[in-house]
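Single-letter residue listing:
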Amino acid sequence: MSRIASTLSALQRAGRKALIPYITAGFPQADVTPSLMHALVEGGADILELGVPFSDPMADGPVIQKAGEAALALGIGLPQVLAMVRTFRERDAATPVVLMGYANPVERYDRREGEGAFIRDAAAAGVDGVLVVDYPPEECEAFAARLKAAGLDLIFLLAPTSTDERMAQVGRVASGYVYYVSLKGVTGAGHLDTEAVAAMIPRIRRHVRVPVGVGFGIRDAATARAVGAAADAVVIGSRLIQIVESETRDNAPAAARAFVAGIRAALDGPAVAG
């Protein structure tokens, strides 16, 4: 069982929901990412999503796009991201880490370092899962098999527009968890309809055997709690990026820890009587 699967299984047995914060690697400063990762875990994160900066991030809204551009300007690419994970692993051997990004950096890495180098080096660095936004399930079964052989999970996005056929395709390939994009748009956009999310989760579960996480549009504890009532995991990215950007380098980890601790407390709070 992968580190992601074992983490989510333990949470389910305990009746708790997974908290998965997202940060962009190398933002706001190139060397602060491992400290931010540790702070998020201290605040109550169960799994970390680490964004790989890319010049054309089709699914990302303006907040995460800006963070990616800033990281690219600092010279952050996939080799640097893997180095950050290795540094994080020096102190944390337990918390799962998922790389979230796009096909271009992965394929460019393999062209430069040799076929299969990305999976080999990601596993060696301590990565547990990969979410490649522009890899459709029907085109990457071989990639999924190679990841699984190396002990890594391949995570897919589903959206409000996903058909039953698409969900079934994802269900055949996905491992770890699936990430339900709760809005028709990019990260951080629009108003989240928690009732619509709650109605969609059972439909997804008919096709997908792994846990279901929900992200895009979750910005505060109340919304996270409402989403967590239906989903197995809550993913928060854009709001967290805004928080660390607004702080000084020295204060950013503490601010991130405090924000995540508030979300954790809301997810773990007693059920509200209906």
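### As for the overall build of the protein chain
Right, so step 1: Broken down by element type, the protein chain carries 12 helices and 9 strands.
Right, so step 2: For 274 residues, the compact-globule estimate of 2.2 N^0.38 gives 19 Å, and the C-alpha radius of gyration of the protein chain, at 17 Å, lies within 12% of that figure.
Right, so step 3: Projecting the C-alpha coordinates of the protein chain onto the three principal axes gives extents of approximately 55 × 45 × 30 Å.
Right, so step 4: The buried share of the protein chain, taken over its 274 residues, is 55%.
Right, so step 5: A sequence separation of at least 24 residues applies to 72% of the contacts in the protein chain between residues at least 6 apart.

### Re the nonpolar core
Right, so step 1: Counting residues in each nonpolar core, the largest one holds 98 residues, and the members touching the most others are Leu 99, Phe 118, Phe 143, Val 178, Tyr 180 and Ile 204.
Right, so step 2: With 7 residues, the top contributor of residues to this core is helix 12 (residues 252-268).

### What to know about the sheet that holds strand 1 (residues 18-24)
Right, so step 1: Taken in spatial order, the 9 strands line up as 5-4-3-2-1-9-8-7-6 in an open sheet, and their pairing is parallel. Two strands in the sheet have a free side with no partner beyond their single neighbour: strand 5 (153-154) and strand 6 (157-158).
Right, so step 2: Against the sheet, helix 12 contacts strand 1 and strand 9 (233-236), and its axis sits at roughly 160° relative to strand 1.

### Overview of empty space enclosed by the protein
Right, so step 1: Taken as a whole, this structure holds 3 cavities of 30 Å³ or more when the rule is applied.
Right, so step 2: Considered as a void within the structure, the second largest cavity measures approximately 110 Å³ in volume.
Right, so step 3: Along its surface, the second largest cavity is lined by 15 residues, and Tyr 22, Val 52, Pro 57, Asp 60 and Ile 64 are the ones closest to its centre.
Right, so step 4: Only strand 1, helix 3 (62-73) and strand 3 (97-101) provide two or more residues apiece to the lining of the second largest cavity.
Right, so step 5: Per element, the largest residue contribution to the lining of the second largest cavity is 3 residues, and it comes from helix 3.

### Structural notes on the side chain of Asp 110
Right, so step 1: Following the sequence through the fold, Asp 110 ends up in helix 5 (residues 103-113).
Right, so step 2: For the buried residue Asp 110, which engages in no salt bridge, the nearest side chain bearing the opposite charge is Arg 146, 6.2 Å off.
Right, so step 3: With residues up to four places along the chain from it excluded, the contact list for Asp 110 reads Glu 115, Gly 116, Ala 117 and Phe 118.

### Regarding unusual backbone geometry
With the exception of glycine, most residues fall at negative phi, and the peptide bonds are largely trans.
Right, so step 1: Going from Phe 27 to Pro 28, the amide bond is cis rather than trans, its omega being 5°.
Right, so step 2: Relative to the elements of secondary structure, Pro 28 occurs in the loop between strand 1 and helix 2 (33-43).
Right, so step 3: Even without glycine at this site, Phe 216 takes up a positive phi of about 75°.
Right, so step 4: Here Phe 216 shows up in the loop between strand 8 (212-215) and helix 10 (221-228).

### Thoughts on the confidence of the model for the protein chain
Right, so step 1: Taken residue by residue, the protein chain gives an average pLDDT of 92. The fraction at 70 or more is 96%.
Right, so step 2: Scored below 50 in pLDDT, residues 185-189 makes 15 contacts in the model with residues more than four places away or belonging to other chains.

### Some remarks on the pattern of salt bridges
Right, so step 1: Under the definition given, this model contains 15 salt bridges.
Right, so step 2: With a closest N to O distance of 2.9 Å, Glu 245 and Lys 66 form a salt bridge. Residue Glu 245 is found in helix 11 (residues 238-246), and its partner Lys 66 is found in helix 3; the two are separated by 179 residues along the sequence.
Right, so step 3: Residue Lys 66 is classed as partly exposed on the basis of its relative accessible area, which comes to 48%.
Right, so step 4: Arg 112 is the partner of Glu 113 in a salt bridge, and the nearest nitrogen-oxygen pair spans 3.4 Å.
Right, so step 5: Overall, the relative accessible area of 41% leaves Glu 113 in the partly exposed class.

### Concerning the pairing of strand 2 (residues 48-51)
Right, so step 1: Burial of strand 2 is two-sided: the residues Leu 48 and Leu 50 facing one way and the residues Glu 49 and Gly 51 facing the other way are all buried.
Right, so step 2: When strand 1 meets strand 2, the two strands line up parallel, connected through 3 bridges. Its bridge partner lying in strand 2, Ile 23 is registered against Leu 50.
Right, so step 3: Bridge count for strand 2 against strand 3 is 4 bridges, and the pairing is parallel. Its bridge partner being in strand 3, Gly 51 is matched across the sheet by Met 100.

### Things to note about the packing of aromatic side chains
Right, so step 1: Under the counting rule described, the total for this entry stands at 4 aromatic pairs.
Right, so step 2: Their ring planes at 90° and their centres at 5.8 Å tell us that Tyr 179 and Phe 216 sit as a pair that is edge-to-face. Of this pair, Tyr 179 sits in strand 7 (residues 178-181) while Phe 216 sits in the loop between strand 8 and helix 10, placing them 37 residues apart in sequence. No difference in accessibility class separates Tyr 179 from Phe 216, as the two residues are buried.

### A few points about helix 6 (residues 117-125)
Right, so step 1: Residues of helix 6 that are buried: Ala 117, Phe 118, Ile 119, Asp 121, Ala 122 and Ala 125.
Right, so step 2: Tucked inside the fold, the buried residues of helix 6 contact helix 4 (78-89), strand 3, helix 5, strand 4 (129-132) and helix 7 (141-149).

Criteria and cut-off values
- Residues numbered from 1 in each chain as written.
- Predicted model: local features only at pLDDT ≥ 70, side-chain atom pairs only at ≥ 80, totals over all residues.
- Heavy atoms only, no water.
- Helix = DSSP H or I, 4+ residues; strand = E, 2+ residues; numbered from the N terminus.
- Rg over C-alpha atoms; globule rule 2.2 N^0.38 Å.
- Buried < 20%, exposed > 50% of the residue type's maximum accessible area, 1.4 Å probe, protein only.
- Contact = heavy atoms within 4.5 Å.
- Core = buried A, V, L, I, M, F, W, Y, C linked by side-chain atoms within 4.5 Å.
- Pairing = 2+ DSSP bridges.
- Axes fitted to C-alpha atoms, helices over the stretch in contact; angles between N-to-C directions.
- 1 Å grid on protein atoms, 1.4 Å probe; cavity = no way out; pocket = protein on both sides within 12 Å on 5 of 7 lines; lining within 4 Å.
- Points joined across faces, edges and corners; volume = space filled by probe spheres on them.
- Lys, Arg positive; Asp, Glu negative; His and termini not counted.
- Salt bridge = Lys/Arg side-chain N within 4 Å of Asp/Glu carboxyl O.
- pLDDT = per-residue confidence, 0-100.
- Phe/Tyr/Trp six-rings, centres within 6.5 Å; stacked < 30°, edge-to-face > 60°.

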